[in-house]
Amino acid sequence: MMRTYIQCLATVSRQGGHRVGEHLEKLIPMVVKFTGVEDDELREYCFQAFEAFIRRCPKEMSPHVATVTKLCLKFMTFDPNYNYDNEEEEEEDSMDIEEGLDEESGDEYSDDDDMSWKVRRSSIKCLEALINTRRDLLLSFYSSICPALLARFKEREENVRADVFAAFSMLLRQTRVGSGHHGLITACSDSGVTREEEPAVAMLKSQVPAIVKALHRQLKEKSIKSRQGCFCLLTELAHTVPGALEQHIPALIPGIVFSLTDKSTSSTMRIDALSFFHVLLLSHPPQAFQPHMQVLLPPVVACVEDTFYKIASEALLVTQQLVRVMRPQGQTATAGEFDPKPFVREVFSVTMKRLKATDIDQEVKERAISCMGHMVCHLGDHLAAELQGVLAIFLERLKNEITRLTAVRTITLIAASPLKINLSSILPEALSVLGSFLRKNQRALKLGTLACLTTLVTHHGASIKPAALEPVLSELPGLVDENDMHVSQVSVTLLTCMAKACPTSLAKICSSVLPGVFRLVHSPLLQGGALAAILDFLQALVLSKTTNLGYSQLLKSLTDPFHNSQSSAESIVIHRQSHHSVARCVAALSSVCPKETPGTVSSLIQEVKNPSSPESARVLALLCLGEVGRSGSLGGSKEVQGVILEAISSTNEEVKTAASCALGSMAVGSLNDYLPFMLKEISSQPRRQYLLLHSLKEVISACPAPSLSPHVDSIWTLLFQNCECQEEGTRNLVAECLGKLTLVNAAQLLPKLKQQLKAGSPLARSTVVTAIKFTIVDHPAPIDSLLKDCIGDFLKTLQDDDINVRRVALVMFNSAAHNKPSLIRGLLASVLPHLYKETQIRKDLIREVEMGPFKHTVDDGLDVRKAAFECMYTLLDSCLEGLDVLHFLDHVEEGLKDHYDIRMLTFLMLARLASLCPAAVLQRLDRLIEPLKATCTTKVKAGSVKQEFEKQEELRRSAMRAVAALLAVPEVERSPTMADFANQIRTNADMASIYQSVQGGEGGGLGPAESMDVS
């Protein structure tokens, strides 16, 4: 009867989940007591109950984790009918004898009455649940659970051993989640070392020899299930700690070879072995495999010839990696290095056989093309006579619609090979086919073709006849278009390569391509990589001197729209961004034509001075002066200084802003000439201060630290004179300048900022805290280690009496959580209470303002609350393991009833939590549904303004997205409240249509992008 009760308890926990949580204090001691009863099935049910409690009520189980872990560790070794010590003594004997013993002992003890394996299995599954739900205890698991699991790799029962492997794989996955989540930081900087993940990886590395020792014997066992478990576990290990198995490769190779050659091995087993081998090759250096090539190659080659397409496909992937191992890129076969020659014939013949076949699976076709491509790229000089035949097949595959994309990528690879493979036999026809691909509507093919053409022109430009490029050139003008910036960027890069390698061909299409390039320059969407590509192209165009378009003609084409924008004949709309793009282009042209620069500068100065010039032309002229001056070619010209100062005093806002940008850019080029002048103006001209601080910010951001160092003290003093300015915009600028200046000499300046925290007024404190936000950059920096030591002092401002200081402290905390979570992860325990405190509505900050006959409510605490909820949203992404999710959900629940902006944020949080922590969300589900239901069913009063209707509609859609995310959580249908609400949505036409549009919108958002790639 007791078994049934315990089984019932586990079932109730699985079904009712969190509701069992409040009764655990009574239940756990009883279940623990029954594990001591000599009844194996009862013990199994006890551990199944523990597993259900751990998965459904992780928080309530926290006090009992130690007890349950201890019981699991005790009973995972519970095998009273078998003596493992004998097996360890026999380990010295040969494999055959040991296998014989294993079989005998297995027969001897595997009688039907022995149920102890069920106890072991259920306790191991319970441990797996614990590892899965409690990432925060990862380090303690490595010291307690990890050695115990390792010791159980010798488990005699096959099913139990599979569960041991599964539990250990879960431990590895949890370690990877931690180390990979902040990988960029942890891999690159000392300051990024996290407090939990990295020590866990270090502990795992120390266990690698023991793991390999325990597994390498099992890789030769007859049991296929065990071998598959071993390969899955080793694959996880290679992913979690790349390179850790390098010393142990000789021990692993016999197991891999055995699984590939053993006659009784199933197809799935072979695929698993090949898949692990592929991961091993990718994650370890080539030198580790070169000595074993003679043993490794024959079984892989045999698999390439296998009749089952999946094995052949996986084997071709491995062969491709082995080719790279034979001769890593850039190496030649010298006396001291590995000589691939003995193996080339064997690999070539089997790959060639697959490459020629046309009646095989598409995946095998593609991988055969790719594998042979790598052979030609890495070992082409060993192929001699066969090479032309291979290239001819590649040309055929290029013409085939099924294999063309793989063939394009393969030709790109071969064209860039350091072996300088002779492609002249296929080039003319290949160029014609590639040109036709540029007309296709398949984006991936278009981008692959452009990359291939760029590589061919760069590396084989000399052997390409101008006539052969005709099919390509005719297609390029249509590709330079703002509707697809990435395709435009790659197209312009190809044009640049042509201007350098075969300029005569380019001359023919300049008239058709350049209008598109100039349209792109004048587009508000141009930035980043596409702009850099256009700058390179214009410079290459001027330097090639083959076109009739010289410096002055290009300059005229770039600047004309700004002079004609006022005329009715021109309908071009000039966007603010295009001023900056054109200024960069003018500066790029000037840098390669230094003789033309003085004339250009004087005409630009005249343009600024001329009061009858259109505003857009004056703005452009100022920005051009700035960009030309950035290279230092203006010197400290007094005339230019005067022109800029005059422009800063202009009544036109656009001209003033452009003059401010220009002054900053010029100062970057001639620091000693402009910086003292700029600092003097900031001190003496309060009216121009804001604009001049913008110029100073540009100088601090763009100048290298060594050139700024002599001026740091004078800039620092000036900034602190203005840190208590009443204008918030000016204070924010001062803060940004202070933060970026601190990066120049962090060791000296960070303590100074810290001092100001104690000395200053609330305004000064808010400026200092905002300055810290600008020292937190999203890439590794020398300041990181210093910042980690003192960021706690700056975060104490979360307790400041001034509400504005608390708000900027939250903004700074949010920046740290987003860009460098490692800085604040260790402080979460002390910071979170203050963060949560700021999410509460404070009645003393709500006031009524009379506006004529109306009374209007103003909530002064709204901005602070909004900043607090934004921090919470960021922490979900960057520091989830440091959060008590149920406590976090309490505050999300409050936010669901708050102001419009905060509700929008909490709906997003709820959707995110539903995917990250479904178990915790299920525990709070009944309380979360009510505010969601209230939002979805609320209607705006009939007489409300249009904005009110729009806001409410957006709220309802956002709430419905959260509902959709909740409905996607497994087992959510067990909640009666949720089932009722889902039914209400289905039966209410209005809500059903919103739900459908939200579902369709999310699906539809992905649809066009996907169809664009494959159409």
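Visitor: Explain the overall build of the chain to me, using residue names and the numbers behind them.
Guide: Scanning the chain from terminus to terminus reveals 50 helices and two strands. Looking at the 1015 residues of the chain, the share that counts as buried comes to 53%. In the chain, once contacts between residues fewer than 6 apart in sequence are set aside, the share between residues at least 24 apart is 75%. Put simply, the chain shows about 44,500 Å² of open surface, and 52% of that area lies on carbon and sulfur atoms. Positive and negative charge centroids in the chain, built from 105 and 120 side chains respectively, lie 5 Å apart.

Visitor: If you had to explain the state of the cysteines to someone new, which residues and values would you point to?
Guide: Considering all chains together, one arrives at zero disulfides under this definition. Just so you know, cysteine 46 is unpaired, no disulfide at all, and the nearest cysteine sulfur is the one on cysteine 126, 11 Å from it. Look at cysteine 46 and you get buried, because its relative accessible area is 0%. Looking at cysteine 230, it has no disulfide partner, and the nearest cysteine sulfur is the one in cysteine 232, 9.4 Å off. A relative accessible area of 0% places cysteine 230 in the buried class.

Visitor: Residues and numbers for a nonpolar patch on the surface, please.
Guide: Among the surface-exposed residues, Met1, Met2 and Tyr5 lie close enough to one another that they form a single nonpolar patch of about 360 Å² accessible area. By secondary structure assignment, the location of tyrosine 5 is in helix α1 (residues 2–16).

Visitor: A description of the nonpolar core should follow, citing residues and the corresponding values.
Guide: Phe53, Phe168, Leu398, Met498, Leu696, Ile824 and Leu875 are the most contacted members of the largest nonpolar core, which totals 339 residues. Tallying contributions element by element places helix α26 (residues 528–544) first for this core, with ten residues. When sequence neighbours within four positions are dropped, the list of residues in contact with phenylalanine 53 reads Leu9, Ser13, Val20, Leu24, Leu27, Ile28, Val31, Pro58 and Met61.

Visitor: Mind laying out the packing of aromatic side chains, listing which residues take part and the relevant values?
Guide: Inspection of every chain in the model, using the stated rule, returns ten aromatic pairs. Between phenylalanine 308 and tyrosine 309, the aromatic rings sit 5.6 Å apart at their centres with planes inclined by 70 degrees, giving edge-to-face as the arrangement. Overall, phenylalanine 308 belongs to the partly exposed group, its relative accessible area being 31%. Above the plane of the ring of phenylalanine 78 lies arginine 43, whose end atom (NZ or CZ) is 5.0 Å from the centre. Sitting above the plane of the tyrosine 900 ring, lysine 951 keeps its charged end 4.9 Å from the centroid.

Visitor: Break down the pairing of strand β2 (residues 854–859) for me, citing the residues and quoting the values.
Guide: As judged from the six bridges shared by strand β1 (residues 846–851) and β2, these two strands associate in the antiparallel manner. Pairing of valine 849 across the sheet is with histidine 856, part of β2. Counting the residues in the hairpin turn of β1 and β2 gives two residues, including glycine 852, whose phi is positive at 65 degrees.

Visitor: Now, about the side chain of threonine 770: what can you tell me, with residues and values included?
Guide: As for its placement among the helices and strands, threonine 770 is situated in helix α39 (residues 762–775). Ignoring any residue separated from it by four or fewer positions in sequence, one finds threonine 770 in contact with Asn732, Ala735 and Val808.

Visitor: Give a detailed account of the environment of phenylalanine 888, specifying residues and quantitative values.
Guide: For phenylalanine 888, the position within the fold is in helix α45 (residues 885–895). C-alpha of phenylalanine 888 to C-alpha of leucine 832: the two residues are 56 residues apart in sequence and 9.4 Å apart in space. Here phenylalanine 888 is in contact with Tyr836, Met872, Leu876, Leu883, Met909 and Leu913, once residues within four sequence places are set aside.

Visitor: A description of the packing of α39 against helix α41 (residues 803–819) should follow, citing residues and the corresponding values.
Guide: Two numbers describe how α39 lies on α41: the axes approach to 9 Å, and their chain directions differ by 5 degrees. Comparing the axis directions of α39 and α41 gives the class roughly parallel. Residue-level inspection shows Pro762, Arg765, Ser766, Val769, Thr770, Ile772 and Lys773 of α39 in contact with α41, the latter providing Asn804, Val805, Val808, Ala809, Val811, Met812 and Ser815. Classifying every residue of the contact of α39 with α41 gives eight nonpolar, four polar and two charged.

Visitor: So what's going on with the pattern of salt bridges? Residues and values would help.
Guide: Considering all chains together, one arrives at 41 salt bridges under this definition. Note that arginine 43 and glutamate 38 form a salt bridge whose closest N and O atoms lie 3.1 Å from each other. Taking the shortest distance from any N to any O, the salt bridge between aspartate 844 and arginine 842 comes out at 2.8 Å. Aspartate 844 gets classed as exposed once you look at its relative accessible area, which sits at 56%. If you follow the salt bridges from partner to partner, you end up with Asp890, Glu893, Arg924 and Arg927 in one network.

Visitor: Describe the environment of asparagine 988, and please don't skip the residues or the numbers.
Guide: Looking at where asparagine 988 falls in the secondary structure, it is placed in the loop between α49 (976–987) and α50 (989–1014). For asparagine 988, a relative accessible area of 31% translates into the label partly exposed. Separated by 51 residues in the primary sequence, asparagine 988 and threonine 937 place their C-alpha atoms 9.8 Å from one another.

Visitor: Just give me the short version of helix α34 (residues 689–702), but keep the residues and values in it.
Guide: Look at α34: 20 Å from first C-alpha to last across 14 residues, which is about the 20 Å you get at 1.5 Å a residue. Within the sequence span of α34, burial applies to Gln689, Leu691, Leu692, Leu693, Ser695, Leu696, Val699 and Ile700. Those residues of α34 that are buried are in contact with α31 (638–648), α32 (653–669), α33 (671–684), α35 (705–708), α36 (712–721) and α37 (728–742).

Visitor: Quick rundown of helix α27 (residues 551–564)? Include the residues and the values.
Guide: Side chains that are three or four residues apart share a direction in an α-helix, a result of its 3.6 residues per turn. Given a rise of 1.5 Å per residue, 14 residues ought to cover 20 Å, and the 20 Å separating the end C-alpha atoms of α27 matches this to within 8%. Along α27, the sharpest change in direction is near 35 degrees and occurs at leucine 558; proline proline 561 comes one to four residues later. Restricting attention to buried positions, one finds in α27 the residues Tyr551, Leu554, Leu555, Leu558, Thr559, Pro561 and Phe562. Here the buried face of α27 lies against α25 (503–521), α26, α28 (576–592), α29 (597–609) and α30 (615–630).

Visitor: Go over the packing of α33 against α36 with me, naming the residues and quoting the values.
Guide: Relative to each other, α33 and α36 sit at 15 degrees, their axes nearing to 11 Å. Considering their axes alone, α33 and α36 lie roughly parallel with respect to each other. For the element pair α33 and α36, the recorded crossing hand is left-handed. Between α33, through Leu675, Leu679, Ile682 and Ser683, and α36, the contact on the second element is made entirely by Ser714, Ile715 and Leu718. Of the residues belonging to the contact of α33 with α36, the class tally is five nonpolar, two polar and no charged.

Visitor: So what's going on with the side chain of threonine 935? Which residues, and what values?
Guide: With respect to the helices, strands and loops of the structure, threonine 935 is situated in helix α47 (residues 918–937). For threonine 935, a relative accessible area of 3% translates into the label buried. Aside from chain neighbours lying at most four places away, what touches threonine 935 is Arg903, Phe907, Gln952, Leu955, Arg956 and Ala959.

Visitor: Now, about the confidence of the model for the chain: what can you tell me, with residues and values included?
Guide: Across the chain, pLDDT averages 82, with 91% of residues at or above 70. By mean pLDDT, helix α10 (residues 183–188) is the weakest element of the chain at 32, and helix α20 (residues 404–415) is the strongest at 92. Under a pLDDT of 50 for its full length, residues 88–111 has, in the predicted model, 20 contacts with residues more than four places off or in other chains. A low-confidence stretch, residues 567–571 (pLDDT under 50), is modelled with one contact involving residues beyond four sequence positions or located in other chains.

Visitor: I'd like a description of the environment of cysteine 46, backed by residues and values.
Guide: Looking at where cysteine 46 falls in the secondary structure, it is placed in helix α3 (residues 40–56). Spatially, the C-alpha atoms of cysteine 46 and serine 488 are 64 Å apart, while their sequence positions differ by 442 residues. Here cysteine 46 is in contact with Ile6, Val31, Phe34 and Thr35, once residues within four sequence places are set aside.

What counts, and where the lines are drawn
Residues numbered from 1 in each chain as written. Predicted model: local features only at pLDDT ≥ 70, side-chain atom pairs only at ≥ 80, totals over all residues. Heavy atoms only, no water. Helix = DSSP H or I, 4+ residues; strand = E, 2+ residues; numbered from the N terminus. Buried < 20%, exposed > 50% of the residue type's maximum accessible area, 1.4 Å probe, protein only. Contact = heavy atoms within 4.5 Å. Areas by Shrake-Rupley, 256 points an atom, 1.4 Å probe, with all protein chains shown as cover. Lys, Arg positive; Asp, Glu negative; His and termini not counted. Charge placed at Lys NZ, Arg CZ, Asp CG, Glu CD. Disulfide = S-S within 2.5 Å. Patch = residues over 30% accessible without salt bridge, like charges linked within 9 Å, V, L, I, M, F, W, Y side chains within 5 Å. Salt bridge = Lys/Arg side-chain N within 4 Å of Asp/Glu carboxyl O. Core = buried A, V, L, I, M, F, W, Y, C linked by side-chain atoms within 4.5 Å. Phe/Tyr/Trp six-rings, centres within 6.5 Å; stacked < 30°, edge-to-face > 60°. Lys NZ or Arg CZ within 6 Å of the ring centre and 35° of its normal. Pairing = 2+ DSSP bridges. Axes fitted to C-alpha atoms, helices over the stretch in contact; angles between N-to-C directions. Parallel < 35°, antiparallel > 145°, perpendicular 65-115°, else oblique. Nonpolar A, V, L, I, M, F, W, Y, C, P; charged D, E, K, R; others polar. Expected span 1.5 Å × (residues − 1). Bend = angle between axes of the 7 residues up to and from the residue. Left-handed = near helix turned anticlockwise from the far one by under 90°. pLDDT = per-residue confidence, 0-100.

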